[in-house]
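Here are the chains, one letter per residue:
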There are 4 protein chains.
Amino acid sequence: MNDSAVLLITCPDQKGLVAAVSGELYRFGANIIHADQHQDHDAGLFFMRVEWALGSESKQAFDIQAFSEAFAPIAKRYNMDSQLHVSAIRPRVAVFVSQHLHCFADLLHRHQMGELECDIALAISNHTDGEALAKFYGIPFHHVPLAAANKAEGEARQFGLLEAAGVELIVLARYMQILSPEFVRRYPSGVINVHHSFLPAFIGARPYHAAHKRGVKLIGATSHYVTEELDDGPIIEQDVARVSHRDQVEDLIAKGRDLERVVLSRAVKWHLDRRILRYGNKTVIFD
Amino acid sequence: MNDSAVLLITCPDQKGLVAAVSGELYRFGANIIHADQHQDHDAGLFFMRVEWALGSESKQAFDIQAFSEAFAPIAKRYNMDSQLHVSAIRPRVAVFVSQHLHCFADLLHRHQMGELECDIALAISNHTDGEALAKFYGIPFHHVPLAAANKAEGEARQFGLLEAAGVELIVLARYMQILSPEFVRRYPSGVINVHHSFLPAFIGARPYHAAHKRGVKLIGATSHYVTEELDDGPIIEQDVARVSHRDQVEDLIAKGRDLERVVLSRAVKWHLDRRILRYGNKTVIFD
Amino acid sequence: MNDSAVLLITCPDQKGLVAAVSGELYRFGANIIHADQHQDHDAGLFFMRVEWALGSESKQAFDIQAFSEAFAPIAKRYNMDSQLHVSAIRPRVAVFVSQHLHCFADLLHRHQMGELECDIALAISNHTDGEALAKFYGIPFHHVPLAAANKAEGEARQFGLLEAAGVELIVLARYMQILSPEFVRRYPSGVINVHHSFLPAFIGARPYHAAHKRGVKLIGATSHYVTEELDDGPIIEQDVARVSHRDQVEDLIAKGRDLERVVLSRAVKWHLDRRILRYGNKTVIFD
Amino acid sequence: MNDSAVLLITCPDQKGLVAAVSGELYRFGANIIHADQHQDHDAGLFFMRVEWALGSESKQAFDIQAFSEAFAPIAKRYNMDSQLHVSAIRPRVAVFVSQHLHCFADLLHRHQMGELECDIALAISNHTDGEALAKFYGIPFHHVPLAAANKAEGEARQFGLLEAAGVELIVLARYMQILSPEFVRRYPSGVINVHHSFLPAFIGARPYHAAHKRGVKLIGATSHYVTEELDDGPIIEQDVARVSHRDQVEDLIAKGRDLERVVLSRAVKWHLDRRILRYGNKTVIFD
C-alpha cells in the first residue's frame, strides 16, 4: 500500500460541493485514486470520500499540511464535518474478547497477514481463555475481570489501558459484557460489535436458540457501531447462511460463528480503510 | 413426469419405523424413486417422505388401493399421521391477489410452463387489476370486493367459489387482506402467504420502509403457511438481497418483488410436490 | 422519476478531471443527484457518471443545450469519450426471442410495471411462440424465420425493422440464433445477451447438461454485451444458485431459468439507467 | 457427541434395499438418528447413509461386532460397497501446507474448537512458514522440501510419515505442489484439495488474475477430492463472492481466501462426518 490520504466529508447537501473539494485538491496537484459521493435526499445530507496519493518519497510530495490549512475555510463555509486521514498514521486498535475465541483468532490472523491496516495495541478480556492466542500473535493481553459488583472499577482500569495505548478503535470480538453508557460516550464512533443475529430479528441473548425455535430458513449476523441503546447502533454489515430442519441449535451456532467472523472482519477493515460514514443510526459504506 | 405416489408420515419417534414402511412397500413391489427421513429429537417426532413409481401403464402396475388398505393398520400401530398422494390427481389451487401483480404473473407463467404440478382452478381478487392477466392465461377470475363492513359476506362468497372448484390449496399472491380466523380454520394446512420481509424482523405493514429507516444491509422475504396468529405461521422459505446506502425505499420495494416471487413460487412448488411436513410452527422440507 | 440528465465519461486518467466536470456543472447550476468515478490504474483510464436534475417544469430549468455546447471543448481537451442522456428521451428497445419465453415474459411484465425506463418498440422472433405474450402486453411482434440458407436475408429484414423503429438497444431474451458479425458491428454497444451458464465455465450449448455431468455444486447465468467473439463479450452481471446431487438436468434447467431472468433484467435496467461503461472486454457498473 | 455408528452404502439400484438394511438394523435394536438415501437413475446406483446410537455406556449397548458380521451376507447379496464407521475411532488426518497459511490456521482453530471430529496427526510442508502455527496448536510439523529433482524422494519421506502416523485423510490446505500419480493411487479416496477458483472456470495457476482479466462479477472457490487428472476430481463444495470493477487482483485474492477457508473446512467436516459418497467424478453429500 502506497502512502495516501483520505478525506471524509458529511455536510448539508448544496450545490457546488464536489466542485469546491475537487477544485482545491486539483490546485494542490492531488493524484486522486478513488472518489465517491452520496446524497441522502430525505435527510438533505451530502457524503464524500476522496483518496489521493501522497507520494511522500518522490519530489512531487503532496503538501498535506498546507492542504489541511487551505481546506479549513472551505469546510467552514459549507458547514462540513470532515476528517483527514493519512495512511502513515496507523490507527491503534484494542480487541475485547471473552471466552468465544473464533472472531479473536480470525482478526489476529488477518492482522498478521496484512489484511488490516492498523496496529493492534492490546487485547482486553474478562477471561483468560484468549491469552495464549494473543501471546502467539505478539499482542499484549490484559485480564480485566468484571463482576457485577466491580463493573465501574473494571471499566476504569480499561480506560487506563486504552488511553495509555492511544487506542482509537475498540473491536468487541464476542465480548459478552455490556458497556456502560459512559464507556460508549467516551468512544462516540469507535466501538464496533458483532451481534450474533440478523438484526433487528432476535435481539438479545441466545438468538440462535430463538431462531431454531421459530423455524427460520436463514440465520444471520450483524456488525454495528455500539450506541447507548443496546443492539440499535448503526449497522455496518450483515450476512446470512441457509439452515434447514436438519440443523440443531449447535449447528446454527457453528454456522453463526462463520458469519460472525466474516461480518466483523469486514466492518473492521472498512472502518480502518476509512470507508464508513455514520449518520443517525445508519451508515454510508463507500466500496 | 411419470405416474408416482408419495407417502408422507409424521409420528412419535420409535424403533422400526423405516423397516415397517419400507418392508411393506417392498412386499408390494414398489420401485422407490426417493426416500427421506428426519427425526426431531427434542420433539420426539419422526418424519418420512417416500416416493415410488406407479407404472400404471405397464403390466406390473403398483396396486395403490391394496397398499393403502394394507398400510392402514401399520399407520394405526405406530400412531402415524399419514397422507398418500398420487400424481394423477392434480391438486386444485386458488390464487388470491390484490393490486400488486408480480407474484400473480409469475405463478401463472410458471404454471403455463409446467413448473407447477397443479390445476389453477380460479383466481379471486378484491380488485380488478389482475383480471386481464388471468384471462390471458385462461384462468377464471372472480372479483370479490371486501369492504370492512361486508367482510363476512365477501368471505362467504369466497367459500362458495372455493368449494365449487374443489380447491385444496390457496395461494395468497400479495393478497392485501387479512383472512378471518374462520377462513384459516377451514383450510388448516392449505393457505400459503408471502410476507414481504425477513420474518421475524419487520413484522407488519410497510416493512421496506422500516428496513430503510433501520439502515439494514440485507432485505428479505418469507413464504409461510397462514395461521390464526398473523405472520407467525410455519416458515417455508426465506431469501435475502443485499442493499446499500444508495437504495431508496422504492429500490428496496423493487428488490423485494424479486424476492417475493422466488420465495412464494418455491413454497408453492414444494407444497405441490408433497415435500413439506408441518408441525407446531415449523416445517420439514424434504429436498 | 423526475426529469434528469446523465453524463458518462471515459478518458485517459489525468489530474483535474473531476474538478473540470464538476466545476462546469456548478457553473450551470446543476443540482447533482448522483456522482461516481472510477480509475483503472492498469489501463490508465478514468470513468465518471454524474446525474443531475433538469427541473424542466420549474423556472430554474437547467439549460441542457447550452451545457452540451459548453462541455464540448472540455471533452476535447481531456480526450473524453462522453455521452449525454436526458430522461425525457426514452431509449427504444427491441427484444429478440425464440421458443423459451421465461425471460421474454419477465421483461414484458417488468416493463409494464414501470421497472424499465424505455419503450419496447418491437419483438422479433424466429418462432411464433412468443406472439400471444407480445400481443397481451401490446408489443408489436414480428416473425422472421431464419433457416441456415436464408440467414442474411432474415437479418436484412431484421435491420429494416430495427431501423424503422429507431431501436438503440437489442435484448436477446434467450434468442437461440448466433448474430452475424455484420449485425454485431451495426450495434457496437447495443446488444445484450443472457448466457445460460456461469461464464467462462460451460461455454457453448447445453451448459446445464455439462454442469450436471461435471457434478458442480453451483450453477450460474451471465448477462453480457455481444461481441463478434461468441460468449466472450463484456460481462454485465452473474448470479448463481446452489444445486445438489438430488438435482437432475431438468432441475438445473428450471433453476437456471430463474437465474437467467434475474441477470438479464438487471443488465437491461442498468443499461437503460446509463450505469454501464464498457471498455475492452470489461464493464464498469456504477450502482 | 454421543457414541454412534454410520453405515455408508453404494450399490446397484434394486428393490428392497431400504427394507433389507432397515430390517437388519431393527433386528439389532438400532436407535436410528439420521437416515438418507439417494438414487442416481441414469447411473442405476443407490446410495444410503444411516447413523444410529451405540449407547456403549448403557445396558442396551448396540453390538456393533455382531451387526457387522450379520450384515456381511446382506452386503454381498446386493453387491454393496459399504463402509461401517464408529465415532469412537477418530480418523487420523494430515494437513499439507505451503506458504499461504489462511486455510491451515482456519483448520487448526476449528479443530481446537471441536468442530472437526478427528485427530490431526501431523502437518507436512515444503516450507517452514507454518511451523509456528502448528507448534502453537500442538501439531507435529514436518518440513519436507520438494525440489523438482528430489520429488520422488520427498514423497517417499511423506509416505513414511503418513504411514507411521496411521493417516487416513490428507487435506491439502493450499499445498502448492502437484501430487504424483503414485501418491494419488495410494490414497484413493483420501485427499481433499481446495482449488482457488470456481471450477471448471479458470483451471490452473493464477486463477484470480485470469478472473480479473476476464472481468467476471463473481469469483469462486472449490473443494474436491484429488484424482490423477489435475483439477478434475469430484467436487465437494463450491462457493462464490461478488466482485466489482473496483476490485483489483489483490482484492480478488483476499476475497478468495475467505472462500477457500469456507469451502475447504466444509469439505473436511463432511468427510469426517461420513456424509460424502464418491462415484465417478461426482459426490453425493448427505446433509
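Look up: the structure comes first, before these words.
Along each chain, numbering runs from 1 in the same order as the chain's sequence is written. All chains are assigned letters beginning at A, and all ligands numbers beginning at 1, according to the order in which they are written. Note on the predicted model: pLDDT of at least 70 is required for a residue's local features to be given, and 80 or more for side-chain atom pairs to be given and counted; whole-chain, interface and lining totals, by contrast, use all residues. Side-chain figures throughout are based on the complete set of non-hydrogen atoms in the structure, without hydrogens or water.

**Overview of the relation of the copies chain A and chain B**
Inference 1: Here the copies were fitted onto each other by least squares, based on C-alpha atoms from residues at pLDDT of at least 70 in both. Mapping chain A onto chain B calls for a screw motion: a turn of 180° about the axis and a shift of 0.0 Å along it, with 0.0 Å RMSD after fitting. Overall, the copies show the geometry of a two-fold rotation axis. It is Ala201 of chain A whose C-alpha, among those of chain A, lies nearest the rotation axis, at 2.3 Å.

**Describing the sheet that holds strand 10 (residues 218-225) of chain D**
Residue and element names in this part refer to chain D.
Inference 1: In this description, strands pair whenever DSSP reports at least two bridges between them. To qualify as a helix, a DSSP run of H or I must reach at least 4 residues; to qualify as a strand, a run of E must reach at least 2; elements of each kind are numbered from the N terminus. Spatially, 7-6-5-8-9-10-11 is the arrangement adopted by the seven strands of the open sheet, whose pairing is mixed. A strand with exactly one partner marks an edge of an open sheet, and here the two such strands are strand 7 (141-143) and strand 11 (235-242). The average angle at which neighbouring strand axes cross in this sheet is 20°, direction not considered.
Inference 2: In terms of strand pairing, strand 5 (residues 92-97) meets strand 6 (residues 119-125) through six bridges, oriented parallel. Each bridged residue has a counterpart across the sheet, and for Val95 the counterpart in strand 6 is Ala123. A fitted line through C-alpha atoms serves as each axis, taken over the contacting stretch for helices, and the angle formed by two N-to-C directions is quoted from 0 to 180°.

**Description of the interface of chain A and chain B**
Inference 1: A contact between two residues is defined here by any heavy atoms of the two lying within 4.5 Å. With 36 residues of chain A at the contact, the number on the chain B side is 36 residues.
Inference 2: With both chains or domains summed, chain A and chain B bury close to 3,100 Å², and 50% of this area falls on carbon and sulfur atoms.
Inference 3: A 1.4 Å probe defines the accessible area here, and the buried area is the portion of it lost by two parts on being joined, summed over both. For chain A, the biggest contributors to the area lost against chain B are Arg214, Lys217 and His245 of chain A; these three give 23% of the whole.
Inference 4: Here, a salt bridge means any Lys or Arg side-chain nitrogen found within 4 Å of an Asp or Glu carboxyl oxygen. The tally of links between chain A and chain B comes to eight salt bridges.

**Some details on unusual backbone geometry**
A negative phi holds for most residues other than glycine; trans holds for most peptide bonds.
Inference 1: Phi is positive for Arg274 of chain B, close to 60°, though the residue is something other than glycine.
Inference 2: Residue Asn79 of chain C is not a glycine yet carries a positive backbone phi of 60°.
Inference 3: Within the secondary structure, Asn79 of chain C is located in the loop between helix 2 (64-77) and strand 4 (81-86).
Inference 4: Classification of residues uses two cut-offs on accessible area relative to the type maximum, computed with a 1.4 Å probe and protein chains only: under 20% is buried, over 50% is exposed, and between them is partly exposed. Since its relative accessible area comes to 58%, Asn79 of chain C is described here as exposed.

**Details of the packing of helix 7 (residues 207-214) of chain C against helix 8 (residues 249-272) of chain C**
Residue and element names in this part refer to chain C.
Inference 1: Here helix 7 crosses helix 8 at 125°, and the two axes come no closer than 9 Å. Of the possible angle classes, the one that applies to helix 7 and helix 8 is oblique. For the element pair helix 7 and helix 8, the recorded crossing hand is right-handed. Between helix 7 and helix 8, the contacting residues are Tyr208, His209, Ala211 and His212 on the first element and Val249, Leu252, Ile253, Gly256 and Glu260 on the second.
Inference 2: In the contact of helix 7 with helix 8, the residues fall into five nonpolar, three polar and one charged. In this scheme, roughly parallel covers angles under 35 degrees and roughly antiparallel covers those over 145, while 65 to 115 is roughly perpendicular and the rest are oblique. Throughout, a crossing is termed right-handed when the near helix is turned clockwise from the far one, and left-handed when it is turned anticlockwise from it by less than a right angle. Here the nonpolar group is Ala, Val, Leu, Ile, Met, Phe, Trp, Tyr, Cys and Pro; Asp, Glu, Lys and Arg are the charged ones; every other residue, Gly included, is treated as polar.

**Thoughts on the packing of aromatic side chains**
Inference 1: Centres within 6.5 Å make a pair out of two Phe, Tyr or Trp rings, where for Trp the six-membered ring is used; the pair is then stacked when the planes are under 30 degrees apart, edge-to-face when over 60, and tilted otherwise. Scanning the model with the defined rule gives 50 aromatic pairs over all chains in all.
Inference 2: Every member of this aromatic cluster is reached through a ring pair, and the members are Phe28, Trp52, Phe62, Phe67 and Phe71 of chain A.
Inference 3: Geometrically, a charge over a ring is one whose NZ (Lys) or CZ (Arg) sits within 6 Å of the ring centre while staying within 35 degrees of the ring normal. Positioned over the ring face of Phe159 of chain B is Arg186 of chain B, at 3.9 Å from the centre of the ring.

**Topic: the interface of chain B and chain D**
Inference 1: With 19 residues of chain B at the interface, the matching set in chain D holds 19 residues.
Inference 2: Between chain B and chain D the total buried area reaches about 1,600 Å² when both faces are included, carbon and sulfur atoms providing 50% of it.
Inference 3: Joining chain B to chain D, the criterion identifies zero salt bridges.
Inference 4: Whenever a nitrogen or oxygen atom comes within 3.5 Å of another N or O atom, the pair is scored as a polar contact, on the condition that within protein one atom can donate a hydrogen and the other can accept it, and that pairs from neighbouring residues in sequence are kept only if both atoms are in side chains. Inspection of the chain B/chain D interface yields seven residue pairs in polar contact (both at pLDDT 80 or more).
Inference 5: Elements supplying a minimum of two residues to the side of chain B that touches chain D: helix 1 (17-27) and strand 2 (31-40) of chain B.
Inference 6: Ranked by residues supplied to the side of chain B that touches chain D, first place goes to strand 2 of chain B with eight residues.
Inference 7: Among the residues forming the side of chain B that touches chain D, the class breakdown is seven nonpolar, nine polar and three charged.

**Things to note about helix 8 (residues 249-272) of chain B**
Inference 1: Expected span of a helix: the number of residues minus one, times 1.5 Å. Taking 1.5 Å of rise per residue, 24 residues should cover 34 Å, and helix 8 of chain B covers 34 Å from first to last C-alpha, within 8% of that figure.
Inference 2: Just downstream of helix 8 of chain B lies Arg274 of chain B, where phi reads positive at about 60°.

**A short note on the relation of the copies chain B and chain D**
Inference 1: In screw terms, the move from chain B to chain D is a rotation of 180° and a rise of 0.0 Å along the axis, fitting with an RMSD of 0.0 Å.
Inference 2: Taken as a fraction of all interface residues of chain B, those also at the interface in chain D reach 100%, which identifies the copy contact as same-surface.

**Digging into the sheet that holds strand 11 (residues 235-242) of chain C**
Residues and elements named next belong to chain C.
Inference 1: Strand order in the open sheet formed by seven strands is 7-6-5-8-9-10-11, with mixed pairing between adjacent strands. Where the open sheet ends on each side, the last strands, each with one partner, are strand 7 (141-143) and strand 11. Within this sheet the neighbouring strands show an average axis-to-axis angle of 20°, counted without direction.
Inference 2: Here strand 5 (residues 92-97) pairs with strand 8 (residues 169-172) via four bridges, running parallel. From the neighbouring strand, Ala94 faces strand 8, where its bridge partner is Ile170.

Treat this as a map of the structure, not an account of what it does.
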